[in-house]
Amino acid sequence: MEIRRTSRSRPYLWAVTLLMLLGLWLGSVLAKGATNQTWQQQHQQHYQSQSNESQLLPEEPALMEVAPPMVSSPHETHLTRTSMIFGLTKVANESRVNHKCHAQLRQVQRGILAKQPWAMKVLDASGTKPSGFVYGQNYWLGSREACRGVQRPVEITLSKNFDRVMHYGIITQQAPFDMDYRVIYLRHSSPWQVEIKLMSEQIIHIGLCLPSACNSEEVKGLAQDYVAADMFPENEIYDIRPEVVYMKDLQLKDVFFERASFRLLVACVLATGALMLCAQQLTAAKKLTPSSDEPDPGLAPAESELWRGLHSLLQLEKLQKFIPCWDVPGNWAKIFAVRENSPSEIPLMNGLRSVCAIWIMVFHVVWFMYFTVHNKTVLISYAEQAFFQYVSSAPLLVDVFFTISGFLQTYNFLRNSQQLEAVRQNGFGQNLKLFGKLLFHRYLRLGPLYLVVMATVDLVYAYIGDVSVYHINERFDEMCSQHWWRNLLFIQNLFDHRDMCANWSWSLACEMQFFILANAFLFLYVRYPKVVKAMVVSTLVATIAWSYGIGLSIKFQLSFDSAFATGTEIYTSPFVRVLPYILGAVTAWLLLEKSLQLELSELRERQCWHLALVVFFACIYSTVKRDLGPLMAITLFVMGRLFFSLSVCWMVAGSCQGRGVWWSRLLEAKGFQHVSRLSYAIYLLNPLVIALFYSLTNASTHADPFMLCVVTCGFAVIVYLASILFSLAFELPFSNLSSLLNRRSKQKSA
């Protein structure tokens, strides 16, 4: 009987054993968690008590007057000479800064020496010298985000199941007073850094996490004392000889919203929006069948009042004729329209414009990267390598646009038999009026988008000048405020390139000047063809002679520093850049006036096409060797542009006659029609977009070819989207208006 009872009790024994094991395991887990939590609480209580003690200081005047004794530290001398933020706390005195600022700087000093977490974050967030100074590392920015972390706890969740050696106060503890991030700029004169002579590479940027009670002028004075006291250790090692230039608080100034460009842009956006709304209402009104018996359905009271007001305004017949120019669906369809190429068109131009616009954008990605990159010497060395010549020589592609413009201007003028007859029959006054009309329509098509972008440039550069951590060397906001009238008249390229507003617009000024010159020659050609032929030949010879004369006089070289220094005399000068425009115009004249037809076999013609492509790329890669003397350099520059333009002329003329090879057919693809319509907006906007995004970064960039490819793709998408928006609002409506005025003028004359 006892044996049976024992066997029946075995399941209970197993259950008791299982519960005991489970209890032991649960107890060990809870004990470990309690130990971990107790350890964390000890750290938090310790640093919280330090924080509470430090927070009493700014609130108790007595404690501010009688500061607690300074904590001694064996690292104090090292910190003074290696950390500018700590050095500023050492040189601070009440004769240089306000009382509150002085007390808080002293508290930062004590906190660093006592290794309080919030003070250690201040030290860590402020900049010190990184490696790479010899190759251009002048961005000692520290961490803007870490300085924000001094003000508020970092939003991060960490598991309590793991032991950590860190002080939890670096996450939770806050400064006992307000702190903000600022940047001070020093000019150095060190012989131990490669000096490339491209603007502002000798400006050292030092980020500082400072008490908000200290204003920038006070901190600038402290920095001058710090530098004058020879506490800058790099001065001894690298002979930096620093000079304090200025300081930024990275806050947008109130005067930003008082700028004329801000008011102009707001007015343009509102006016454009109103015109688009009116165009939409007019389109909707035309689709509706008027009926006096039925009420207007489908509109809320407020909406119906708005639409009725617009409808009554649009009853004016004159407005009805012009408002459709701002029709958004219609303009959207025009931008994205793709159709078969007609025989009267030159389809290869679409491909050339599209490819060259994107190609120049790639160059601008590298160019504007230079001002934020911390290995400038390496970036320049990449640009001189043979593989990257397609990027560094991309400015040559501007000649493609000049060649196309010269060709089209002459080609369209000489094909317009009605206009030619009018010029022959008109007197001087009538021809002057016709000349003015052509110039007006050119300005109407190019001007609005250009002026809006110019105002945007002024506003954007005023913004990044206030909030960017970088020293902005090209202050276009100042240049645009002073010299806006030059851009308005398209003459900015006649002045120093350093004083231009939106200096990449120099080629647009050249285009307008060449347009005026070409029209003057064409008007004269109708009556005095021999005289104009002699004038064109003389102009062609003169521009080559001028280029040689200027190049030899200024000792022109192909190096980047020399090219930048001689930008006014060579790169942006209309007297030098007119060469491809003349060649394009002469090509169009030969096709129309001389009916130039080259009788070539199919094989020889293919060879000529491929030769044109070889010459095109040979000119691009001709500058792979840049250490040439002035005579060889200017010869390569002039002859390279001459043959480069001739290769483009062959492509355009061949496409005009319906000829081509496989690669020219690719450039004639219908898909390029869309990008070609946006090429003007892409050309104007891409430097602005690239400069804006680079300037808003908080850390310097590294010149790396692979990452540069990724960045370029990102910029291409952003510029493309921005170009659609700006073209839709400020380019196509005025192009439509120009076409409408031309049609009305022809109807009246008929």
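Residues numbered from 1 in each chain as written. Predicted model: local features only at pLDDT ≥ 70, side-chain atom pairs only at ≥ 80, totals over all residues. Heavy atoms only, no water.

**Here we look at the packing of aromatic side chains**
Applying the stated rule across the entire model yields 39 aromatic pairs. Where Phe402 meets Trp506, the ring centres are 6.1 Å apart and the plane angle is 70°; that geometry is what we call edge-to-face. Placement of the pair is Phe402 in helix H18 (residues 398–415) and Trp506 in helix H22 (residues 506–527), with a sequence separation of 104 residues. On the basis of relative accessible area, Phe402 is assigned to the buried category, the value being 1%. The exposure class assigned to Trp506 is buried, which follows from its relative accessible area of 5%. Ring centres of Phe407 and Tyr411 lie 5.3 Å apart, and the angle between their planes is 15°; on these two criteria the pair is classed as stacked. Of the two residues, Phe407 and Tyr411 are both situated in helix H18; the distance of four residues between them amounts to about one turn of the helix. Of the aromatic side chains, those joined through ring pairs into one cluster are Phe363, Trp367, Tyr370, Phe371 and Phe564. The ring of Phe495 is capped by Arg486, whose NZ or CZ atom sits 3.8 Å from the centre of that ring. (Phe/Tyr/Trp six-rings, centres within 6.5 Å; stacked < 30°, edge-to-face > 60°. Helix = DSSP H or I, 4+ residues; strand = E, 2+ residues; numbered from the N terminus. Buried < 20%, exposed > 50% of the residue type's maximum accessible area, 1.4 Å probe, protein only. Lys NZ or Arg CZ within 6 Å of the ring centre and 35° of its normal.)

**Things to note about the state of the cysteines**
In this structure the tally under the stated criterion is three disulfides. Between the sulfur of Cys147 and that of Cys209 lies a disulfide, 2.1 Å long from S to S. In this structure the cystine formed by Cys147 and Cys209 twists about its S-S bond by roughly 80°; its chirality is therefore right-handed. Placement of Cys147 in helix H7 (residues 144–151) and of Cys209 in strand E3 (residues 203–211) is noted, with a sequence separation of 62 residues between them. The burial state of Cys147 is the same as that of Cys209; both residues are buried. In this model, Cys480 is linked to Cys501 through a disulfide, with the two sulfur atoms separated by 1.9 Å. With the S-S bond torsion at 80°, the cross-link from Cys480 to Cys501 turns out right-handed. Residue Cys480 is found in helix H21 (residues 476–488), and its partner Cys501 is found in the loop between H21 and H22; the two are separated by 21 residues along the sequence. The residues Cys480 and Cys501 share a single accessibility class, namely buried. (Disulfide = S-S within 2.5 Å.)

**Looking at the environment of Val719**
Along the chain, Val719 falls in helix H33 (residues 705–749). Excluding its chain neighbours within four sequence positions, the residues that come into contact with Val719 are Met361, Ile682, Asn686 and Val689. (Contact = heavy atoms within 4.5 Å.)

**Some points on the sheet that holds E3**
With mixed pairing, the four strands of this open sheet are ordered in space as E1-E3-E2-E4. Of all the strands in the sheet, the pair left with one neighbour each is strand E1 (139–140) and strand E4 (243–248). Looking at chain direction, strand E2 (residues 179–187) and E4 are connected through five bridges and run antiparallel. Pairing of Tyr185 across the sheet is with Tyr246, part of E4. In the packing of helix H9 (residues 216–228) onto the sheet, contacts are made with E2, E3 and E4, and the angle to E4 comes to roughly 155°. (Pairing = 2+ DSSP bridges. Axes fitted to C-alpha atoms, helices over the stretch in contact; angles between N-to-C directions.)

**Topic: helix H28 (residues 602–620)**
A rise of 1.5 Å per residue sets the reference length of H28, with its 19 residues, at 27 Å; its end C-alpha atoms lie 28 Å apart and thus fit the reference within 8%. By the burial criterion, the buried members of H28 are Glu605, Trp609, Ala612, Phe616, Cys619 and Ile620. Take H28 and look down its axis: the buried residues cluster within an arc of 125°, on one side only. Across from the buried face of H28, at angles greater than 90 degrees, the exposed residues are Leu611 and Val614. Check the buried side of H28 and you find it contacts helix H15 (348–369), helix H17 (389–392), H18, helix H29 (630–656) and helix H30 (662–667). (Expected span 1.5 Å × (residues − 1). Arc of directions from axis to C-beta.)

**Regarding unusual backbone geometry**
The backbone of Lys115 shows a phi angle near 60°, a positive value even though the residue is not glycine. For Lys115, the position within the fold is in the loop between helix H5 (99–113) and helix H6 (117–125). Notably, Ala502 is not glycine yet its phi reads approximately 55°, a positive angle. Position of Ala502 relative to the elements: it lies in the loop between H21 and H22.

**A word on the packing of H15 against H18**
Two elements in contact, H15 and H18, have axes separated by 9 Å at closest approach and are oriented at 150°. Between H15 and H18, the interaxial angle falls into the category roughly antiparallel. For the pair H15 and H18, the crossing hand works out as left-handed. Touching Met349, Leu352, Arg353, Cys356, Ala357 and Ile360 of H15 are Val398, Val400, Phe401, Ile404, Phe407 and Leu408, all from H18. (Parallel < 35°, antiparallel > 145°, perpendicular 65-115°, else oblique. Left-handed = near helix turned anticlockwise from the far one by under 90°.)

**With respect to empty space enclosed by the protein**
All told, the structure shown has three cavities of 30 Å³ or more when counted by the stated rule. Each pocket or cavity is described by its volume, and for the largest cavity that value is around 170 Å³. Lining the largest cavity are 13 residues, with Phe368, Phe371, Tyr461, Ile472 and Ser695 positioned closest to its centre. The set of elements that each furnish at least two residues to the lining of the largest cavity consists of helix H20 (428–467) and helix H32 (679–695). At three residues, H32 tops the list of elements feeding residues into the lining of the largest cavity. Looking at the lining of the largest cavity residue by residue, the class counts come to eight nonpolar, four polar and one charged. In this model, the second largest cavity occupies a volume close to 70 Å³. Counting only elements with at least two residues in the lining of the second largest cavity, the list comes to helix H3 (76–82) and helix H10 (233–238). Taken together, the residues of the lining of the second largest cavity break down into six nonpolar, four polar and three charged. (1 Å grid on protein atoms, 1.4 Å probe; cavity = no way out; pocket = protein on both sides within 12 Å on 5 of 7 lines; lining within 4 Å. Points joined across faces, edges and corners; volume = space filled by probe spheres on them. Nonpolar A, V, L, I, M, F, W, Y, C, P; charged D, E, K, R; others polar.)

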